[in-house]
Amino acid sequence: MSDHHPRRTAPRAPVRIVHLGLGAFHRAHQAWYTAQADPDREWGIAAFTGRSPDAATTLARQDDVYTLLTRGRDGDELETVEAIVAAHDGADTEALRGYLARPEVTVVTLTVTEKGYRREADGRLDVTDPDIAADICALAEAIVDRHDDAGGAIAPGALRTMPGRLLWSLDARRRALPDSTITLIPCDNIDDNGSALRTVLLDLAALTSPALGAWIEAQVDVVSTSVDRITPRTTPADIATVARWGLRDEALVVTEPFHSWILSGPSRAGRPRWEDAGASFVSDIEPFERRKLWMLNGAHSLLAYDGILRGHTTVAEAIADPACAASVDTLWDLDASLLEPAADLDLPAYRAALVARFENPAIAHHLRQIAVDGSEKLRARVVDPIRRARERGETGEAALAVIAAWARFVVTEQHAGRTLDDVAADELATRASAPDPHLTLLDLLAPDLAADPDVAAALGLLVP
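Quick look at the structure, then. Here the structure is a predicted model, which is why all the values come from computation and not from measurement.

### Observations concerning the packing of helix α16 (residues 397-415) against helix α18 (residues 437-445)
Then, in step 1: Remark: α16 packs on α18, axes separated minimally by 9 Å, with the N-to-C direction vectors making an angle of 115°. As for how α16 packs across α18, the hand of that crossing is right-handed. Residues Ile403, Trp406, Ala407, Arg408, Val410 and Val411 of α16 pack against Pro437, His438, Leu441, Leu442 and Leu445 of α18.

### Thoughts on the packing of aromatic side chains
Then, in step 1: For the coordinates displayed, the defined rule picks out six aromatic pairs.
Then, in step 2: Aromatic side chains Phe48 and Tyr99 sit 6.0 Å apart centroid to centroid with 80° between the ring planes, which places their arrangement in the edge-to-face category. With Phe48 in strand β2 (residues 44-48) and Tyr99 in helix α4 (residues 93-100), the pair connects residues that are 51 residues apart, well separated along the chain. With respect to class, Phe48 is no different from Tyr99; both count as buried.

### Some points on empty space enclosed by the protein
Then, in step 1: Evaluation of the coordinates by the stated rule reveals two cavities of 30 Å³ or more.
Then, in step 2: Quantified by volume, the largest cavity comes out at close to 50 Å³.
Then, in step 3: Considering the residues around the largest cavity, the lining is formed by Asp188, Asn189, Ile190, Asn193, Thr225, Ser226, Val227, Glu289, Lys292 and Leu293.
Then, in step 4: Contributions of two or more residues to the lining of the largest cavity are made by β9 (224-228) and α10 (286-309).
Then, in step 5: By residue class, the composition of the lining of the largest cavity is three nonpolar, four polar and three charged.
Then, in step 6: Estimates place the volume of the second largest cavity at around 30 Å³.
Then, in step 7: The wall of the second largest cavity is formed by Ile230, Val315, Ala316, Arg357, Phe358, Asn360, Ile363 and His365.
Then, in step 8: Elements with a contribution of two residues or more to the lining of the second largest cavity: α11 (315-319) and α13 (347-359).
Then, in step 9: In terms of residue class, the lining of the second largest cavity is built from five nonpolar, two polar and one charged.

### Observations regarding the pairing of strand β7 (residues 182-186)
Then, in step 1: When you tally the buried positions in β7, you get five out of five residues, the bulk of the element.
Then, in step 2: In the sheet, strand β6 (residues 107-110) pairs with β7 via four bridges, with the strands oriented parallel. From the neighbouring strand, Leu110 faces β7, where its bridge partner is Pro186.
Then, in step 3: Bridging between β7 and strand β8 (residues 220-222) involves three bridges; their strand directions are parallel. Within β8, the position partnered with Leu184 by the bridge is Val222.

### Comments concerning the pairing of strand β4 (residues 75-81)
Remark: a regular strand shows side chains that alternate across the two faces of the sheet.
Then, in step 1: Bridging between strand β3 (residues 66-72) and β4 involves seven bridges; their strand directions are antiparallel. Paired with Leu69 across the strands is Leu78, a residue of β4.
Then, in step 2: Here β3 hands over to β4 after two residues, the two strands then running antiparallel side by side.

### Some details on the nonpolar core
Then, in step 1: In terms of nonpolar packing, the biggest core is built from 65 residues, with Leu303, Phe358, Ile403, Trp406, Val410 and Leu428 touching the most fellow members.
Then, in step 2: Among the elements that take part in this core, α16 stands out by supplying 12 residues, more than any other.
Then, in step 3: Judged by nonpolar contacts, the second largest core, of 45 residues, contains Val85, Ala86, Leu197 and Trp215.

### Section: the sheet that holds strand β10 (residues 253-255)
Then, in step 1: Taking strand neighbours across the sheet as the criterion, the three strands line up as β4-β3-β10 in an open arrangement whose pairing is mixed. Either end of the sheet is taken by a strand with one partner, and the two such strands are β4 and β10. This sheet shows a mean twist of 25° between the axes of neighbouring strands, independent of strand direction.
Then, in step 2: Sheet strands touched by helix α9 (residues 236-243): β3, β4 and β10. Its angle to β3, the strand with the most contacts, is close to 100°.

### A few points about helix α7 (residues 193-208)
The α-helix winds at 3.6 residues per turn, so residues separated by three or four positions along the chain end up facing the same way.
Then, in step 1: Along its 16 residues, α7 runs 23 Å from first to last C-alpha, staying within 8% of the 22 Å computed at 1.5 Å per residue.
Then, in step 2: For α7, the set of buried residues is Asn193, Gly194, Ala196, Leu197, Val200, Leu201, Leu202, Asp203, Leu204, Ala205 and Thr208.

### Points about the sheet that holds strand β1 (residues 15-20)
The strands that make up a sheet pair up through hydrogen bonds in the backbone, lying either parallel or antiparallel.
Then, in step 1: A sheet is described by the order of its strands in space; here six strands give the open sequence β5-β2-β1-β6-β7-β8, paired in parallel fashion. Lying at the two open borders of the sheet, with one neighbouring strand each, are β5 (84-88) and β8. Geometrically, the sheet is characterised by an average inter-axis angle of 20° between neighbouring strands, direction not taken into account.
Then, in step 2: Here β1 pairs with β6 via four bridges, running parallel. Note that in β6 the partner of His19 across the bridge is Thr109.
Then, in step 3: Of the strands in this sheet, β1, β2, β5, β6 and β7 touch α4, which is tilted by about 140° from β1.

### With respect to the layout of surface pockets
Then, in step 1: For the second largest pocket, the calculated volume is near 910 Å³.
Then, in step 2: Considering the residues around the second largest pocket, the lining is formed by 32 residues, among which Arg119, Glu120, Ala121, Glu376 and Arg379 are closest to the centre.
Then, in step 3: Those elements that provide at least two residues to the lining of the second largest pocket are α7, α15 (374-391), α18 and α19 (447-450).
Then, in step 4: Ranked by residue count, the leading element in the lining of the second largest pocket is α15, at seven residues.
Then, in step 5: Taken together, the residues of the lining of the second largest pocket sort by class into 11 nonpolar, five polar and 16 charged.

### As for the environment of Leu334
Then, in step 1: By the secondary structure assignment, Leu334 is in helix α12 (residues 322-338).
Then, in step 2: Judged by its relative accessible area of 10%, Leu334 falls in the buried class.
Then, in step 3: Each residue touching Leu334, except ones within four places of it in the same chain, is listed here: Ala389, Glu394, Gly396, Ala398 and Ala399.

### Quick notes on the pattern of salt bridges
Then, in step 1: Counted according to the given criterion, the structure contains 38 salt bridges.
Then, in step 2: Between Arg73 and Glu359 there is a salt bridge, with its nearest N and O atoms 3.8 Å apart. Here the residue Arg73 occupies a position in the loop between β3 and β4, and Glu359 occupies one in helix α13, the gap between them amounting to 286 residues.
Then, in step 3: Among the ionic pairs, Arg357 bridges to Glu256, the shortest N-O distance being 2.4 Å. Of this pair, Arg357 sits in helix α13 while Glu256 is found in the loop between β10 and β11 (260-264), placing the two residues 101 residues apart along the sequence. Of the two residues, Arg357 and Glu256, neither departs from the other in class, the shared state being buried.

Thresholds, definitions, all that
Residues numbered from 1 in each chain as written. Predicted model: local features only at pLDDT ≥ 70, side-chain atom pairs only at ≥ 80, totals over all residues. Heavy atoms only, no water. Axes fitted to C-alpha atoms, helices over the stretch in contact; angles between N-to-C directions. Helix = DSSP H or I, 4+ residues; strand = E, 2+ residues; numbered from the N terminus. Left-handed = near helix turned anticlockwise from the far one by under 90°. Contact = heavy atoms within 4.5 Å. Phe/Tyr/Trp six-rings, centres within 6.5 Å; stacked < 30°, edge-to-face > 60°. Buried < 20%, exposed > 50% of the residue type's maximum accessible area, 1.4 Å probe, protein only. 1 Å grid on protein atoms, 1.4 Å probe; cavity = no way out; pocket = protein on both sides within 12 Å on 5 of 7 lines; lining within 4 Å. Points joined across faces, edges and corners; volume = space filled by probe spheres on them. Nonpolar A, V, L, I, M, F, W, Y, C, P; charged D, E, K, R; others polar. Pairing = 2+ DSSP bridges. Core = buried A, V, L, I, M, F, W, Y, C linked by side-chain atoms within 4.5 Å. Expected span 1.5 Å × (residues − 1). Salt bridge = Lys/Arg side-chain N within 4 Å of Asp/Glu carboxyl O.

Structure representation (structure tokens):
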């Protein structure tokens with residue numbers, strides 16, 4: 001059987017959605033949902049990469065089509081996804097502005113990871129970030145607050161951050177379509193990601209164009225989401241698997257059968273009927289968001305750091321370790337006690353589903369992939385549960401154990417001479433060399449907890 005790239009089977013849908021952050025998760029999640037919900041092919045996606053143009057280049061070689069390999073206990077399933085109809089380098093802000101100036105484009109989705117929002121610990125825009133500072137200068141010079149003026153120009157590639165690129169593109173929409181609405185849908189694992197996105201955009205607008213900020217307040221809807229579908233890195237073995245079906249796919253995405261997308265917030269502009277593909281629209285997303293962040297993501301972090309230290313490489317290996325599994329159970333007991341007693345959370349079923357997903361032998365979800373950027377992720381995943389437990393007079397030890405495992409991991413990596421894959425790698429290396437590195441590392445995540453003598457004492461008992 002001769003091999004070939006996946007092929008487009010129908011004409012491209014018109015671009016009506018723009019996506020920022022063209023990674024594997026987007027292709028397994030929002031793009032897949034759009035394909036499932038859009039049988040008439042009315043909602044094409046123009047996707048932009050993040051830090052590297054490689055994903056766009058690879059997709060372009062395949063007519064922007066890719067294969068989704070869904071791996072479960074009962075075997076593998078292959079599916080060709082055609083929802084992406086254009087792929088661009090994220091630095092191509094002229095293309096991004098061009099799309100947002102079109103009236104038919106009504107949705108922007110984002111998967112740029114936590115660090116892509118460029119926030120300080122309090123959630124506000126980090127104006128000390130060198131890239132943000134550079135974007136502020138470029139935007140302030142280019143945006144002219146007169147509607148009869150086309151504004152200035154910014155050279156392609158000059159804007160370095162998601163907030164800068166998105167704000168510049170919203171400026172193009174304001175000028176071309178001042179009365180139109182558009183919906184922004186962040187899909188990153190950040191507590192209240194809709195508010196996080198709105199905050200950094202408005203903070204940046206306040207420093208560069210207050211008039212644009214006022215327009216965003218009036219015309220731009222921001223939806224909060226909780227997203228879930230395990231999407232491990234594609235390996236050469238995965239590519240070899242699809243080659244046995246006669247497919248040569250350099251943009252192959254591997255995922256699990258489970259998928260979840262919960263959305264909350266107003267959306268005056270048009271959108272696909274994602275609910276037809278299983279998405280849920282709820283009035284209050286917070287309980288679902290916390291369930292996912294604390295129970296799935298928190299357990300993932302615990303398994304990553306504790307599992308690596310115990311010699312494991314994947315989630316399936318770590319959850320099979322009785323000590324790791326017991327720690328996860330204890331964490332889930334704490335999380336369940338802190339979550340709102342909403343019947344539709346169905347926590348027993350959710351826990352059972354998580355165990356089945358973690359144990360799935362067909363998904364090689366590598367612990368080192370999960371361990372990346374712990375200094376960002378742990379604030380949302382475990383710091384909040386610890387604070388809530390402390391407010392009830394409890395120690396929050398089960399969640400504190402995640403931070404203890406992370407601190408042991410950071411110190412071990414530092415002593416081994418390995419460079420941490422973390423946005424705060426240099427700061428972590430400095431703190432890992434402190435006289436009391438574990439408490440010093442906790443101070444980076446949550447100074448209030450590090451200053452609490454009871455928390456410090458509990459952490460000391462958890463660290464050998």
